[in-house]
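Residue-level structure breakdown
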Amino acid sequence: MTLSPREREILALLRAQPMLDAAGLARSLGTTKGAVAVALSSLTQKGEIVGRGYLLRGEPWAVVVGGAAWDIKARSLGMARLHTSNPAVVTRTPGGVGRNIAEGLARLGERVHLLAAVGMDAAGRELLARTADAGVYVDRVAESPQPTGSYLAALDASGELVIGLSDFAATDAMDVAALSNAQELIGRAAVVVVDANIPVDVAAWVLGVADARGVRVVLEPVSVAKAARVAPLLTSDRPVFAVTPNADELGALAGRPVAHSEDDILAAARTLQDRGVVHVWVSRGDEGSLLVSPERVVAIPAVPARVDDVTGAGDALTTGFVHGLLRGDDPEAAARRGHLAAALTVASSHTVRPDLGAAIAAAPAENEGARP
């Protein structure tokens, strides 16, 4: 259908500045919000804009369904001693596995929508504002009567995790009804990331919507306990493009203990592939990872890093992987990009490194497959 000059102007502005709202468009064009609203309605009817949030036709985006919370990190100033008070530096930053992955993707220049739940409290309002400022679309985040989630991480002086404690009541209370208006958003996404913190029935619904529309799903198991909860969702009649466990989480998904040897990891990964998972990417800490694809198994080395803070490393690993998929990389190249993102993140004091995109662009050329 033919577009008017004003409609073409609006599309050009949205492609250049996708976070513009109707008021911002009106200011840029020197017109009224009412006139912009009429043009936006026309563009929606003509199929140039799909869904809420001014999603432009043909523009790939990711959807992340998962947890959103505040991270409270306490880093001991000396050797951490249990059962007593330790002098520490305490910080509070936006967190949650799903939210972290969404912010990481936005920092890498991707268009990403977060589906999560936060409390109707000041903490929730601040969390959404901070997440939106990072470039994430948060208009589909549901309000919960439960308080906004929080995660407490106690770190030793070297930045290694001593213990982590979480209160995710708002995430635990998520239901399908709260996300039903996002069905079209999920169905048109290039990649959907499912953080296993969400309730199992919500995860099942998301997987079903994605499968019906042929959308690639990346499942992040989060922990052994959460992996065990979502394991029954992996069935051959509802394929999942990739899962990203460590060896222990792989065991929970496969339903049996898994030794950290390549042979045992491979055997468990093949079990998941028999249940419809295409790629099983198993992280192995300092040893790197093992990517098990249908016709190829690749051992990928970790990228050396100076560790400042390990919080967010696993989220960054998944972030880099999904970013690679969005930019058209094959799974192996995407996995290498994930290792680079993780290495750059642990070298930073931030859970999500604010300059992640620039840091990856400046990475040495020997990090093959991870360069823009």
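Note that the structure is a prediction, hence the values are computed from the model and not measured.

**Points about the overall build of the protein**
Each helix and strand counted, the protein has 15 helices and 16 strands in total. In terms of overall size, the protein behaves like a compact globule, its C-alpha atoms giving a radius of gyration of 21 Å where 372 residues would be expected to give roughly 21 Å. With the C-alpha coordinates of the protein rotated into their principal frame, the extents come out at 65 × 50 × 45 Å. By the burial criterion, 51% of the 372 residues in the protein qualify as buried. Considering only residue pairs separated by 6 or more positions, the protein has 66% of its internal contacts joining residues 24 or more positions apart. Across the protein, 35 positive and 42 negative side-chain charges occur, with their mean positions spaced 6 Å apart.

**Focus on the sheet that holds strand S5 (residues 88-95)**
Across the sheet, which stays open at both edges, the 4 strands sit in the order S5-S4-S9-S10 with mixed pairing between neighbours. Each edge of the open sheet is held by one strand with a lone partner, namely S5 and strand S10 (161-167). In this sheet, neighbouring strand axes are inclined to one another by 15 degrees on average, regardless of whether the strands run parallel or antiparallel. For strand S9 (residues 149-155) and S10, the ladder comprises 6 bridges, and the chain directions are antiparallel. Counterpart to Ser-150 in the pairing with S10 is Asp-167.

**Description of the side chain of Arg-238**
Inspection of the secondary structure puts Arg-238 in the loop between helix H10 (224-230) and strand S13 (240-243). Buried charge without a salt bridge: Arg-238, with Asp-237 as the nearest opposite-charge side chain at an N-O distance of 5.6 Å.

**So, the side chain of Glu-249**
Inspection of the secondary structure assignment puts Glu-249 in helix H11 (residues 247-254). Buried within the structure, Glu-249 lacks any salt-bridge partner; its nearest side chain of opposite charge belongs to Lys-226, at an N-O separation of 10 Å. Glu-249 has contacts with Pro-221, Val-222, Ser-223, Val-224, Ala-227 and Thr-244, leaving out every residue within four places of it along the chain.

About the cut-offs
Residues numbered from 1 in each chain as written. Predicted model: local features only at pLDDT ≥ 70, side-chain atom pairs only at ≥ 80, totals over all residues. Heavy atoms only, no water. Helix = DSSP H or I, 4+ residues; strand = E, 2+ residues; numbered from the N terminus. Rg over C-alpha atoms; globule rule 2.2 N^0.38 Å. Buried < 20%, exposed > 50% of the residue type's maximum accessible area, 1.4 Å probe, protein only. Contact = heavy atoms within 4.5 Å. Lys, Arg positive; Asp, Glu negative; His and termini not counted. Charge placed at Lys NZ, Arg CZ, Asp CG, Glu CD. Pairing = 2+ DSSP bridges. Axes fitted to C-alpha atoms, helices over the stretch in contact; angles between N-to-C directions. Salt bridge = Lys/Arg side-chain N within 4 Å of Asp/Glu carboxyl O.

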